[in-house]
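# Inside the fold
Below, each chain spelled out in residue letters.
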Amino acid sequence: MQQIAVVKRLLPGNQAELQVKRQTACGHDCTNCGGCGEIVSKPIMVIADNSIGAEVGEAVVITGSSKQVLGLAAVLYVVPVVLFFVLYGIAAVFSLPIPELWGGIGFFGGIFGAKKVNDRQKNKKPVYTISKL
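Okay, so let's go over this structure.

Rules used in this analysis
- Residues numbered from 1 in each chain as written.
- Predicted model: local features only at pLDDT ≥ 70, side-chain atom pairs only at ≥ 80, totals over all residues.
- Heavy atoms only, no water.
- Pairing = 2+ DSSP bridges.
- Helix = DSSP H or I, 4+ residues; strand = E, 2+ residues; numbered from the N terminus.
- Axes fitted to C-alpha atoms, helices over the stretch in contact; angles between N-to-C directions.
- Salt bridge = Lys/Arg side-chain N within 4 Å of Asp/Glu carboxyl O.
- Buried < 20%, exposed > 50% of the residue type's maximum accessible area, 1.4 Å probe, protein only.

## Here's the deal with the sheet that holds strand β3 (residues 44-49)
- The strand order around the closed barrel built from 5 strands is β1-β2-β3-β5-β4, with neighbouring strands paired in mixed fashion. Averaged over neighbouring strand pairs, the angle between their axes works out to 55 degrees when direction is ignored.
- With 5 bridges joining them, strand β1 (residues 2-11) and strand β4 (residues 59-64) adopt antiparallel strand pairing. Paired with I4 across the two strands is V61, which belongs to β4.

## Details of the pattern of salt bridges
- Per the stated rule, a full pass over the model turns up 2 salt bridges.
- For E17, the salt bridge identified is with R9, shortest N-O distance 3.0 Å.
- For E17, a relative accessible area of 17% translates into the label buried.
- The residue K115 makes a salt bridge to D119 at a minimum N-O spacing of 3.3 Å. With K115 and D119 both in helix α2 (residues 99-121), this residue pair falls 4 residues apart, about one helical turn.
- According to the relative accessible area criterion, D119 is partly exposed, its value standing at 31%.

## Here we look at unusual backbone geometry
- Notably, S95 is not glycine yet its phi reads approximately 55 degrees, a positive angle.
- Structurally, S95 can be placed in the loop between α1 (67-93) and α2.
- Taking relative accessible area as the criterion, S95 reaches 63% and is therefore assigned exposed.
- Look at I98: it is not a glycine, yet its phi comes out positive at around 50 degrees.
- Relative to the helices and strands, I98 is located in the loop between α1 and α2.

See the structure below:
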């Protein structure tokens with residue numbers, strides 16, 4: 001995952017504080033899309049390893065690990081669906097009443113679990129590295 005950022009401040013330990021404009025999946029190409037309209041979002045500040053020696057005011061490309069994002073996406077989208085089918089299947093095999101209800105309990109249990117995982121991950125900062133000037 002790469003994004004363009006501007007170096008705002010140099011920090012001790014060969015790090016830099018960067019200002020990053022959040023990217024969207026559509027890239028804000030509203031002339032070709034017309035779906036959502038342009039959603040204006042505030043830039044965010046991140047800390048990145050500055051091993052290439054970028055200076056304040058320079059536009060740089062930062063590289064971040066997509067592992068954390070993909071892991072959270074899997075937890076959010078896959079786990080509730082899997083739990084739905086597992087509990088639905090168990091209820092159907094054991095002839096429990098209303099297997100759909102058991103599936104729903106599994107689905108919402110998965111959503112609850114995903115929320116708990118997300119709350120724990122909020123405190124972990126993503127790791128970025130300045131890769132290009």
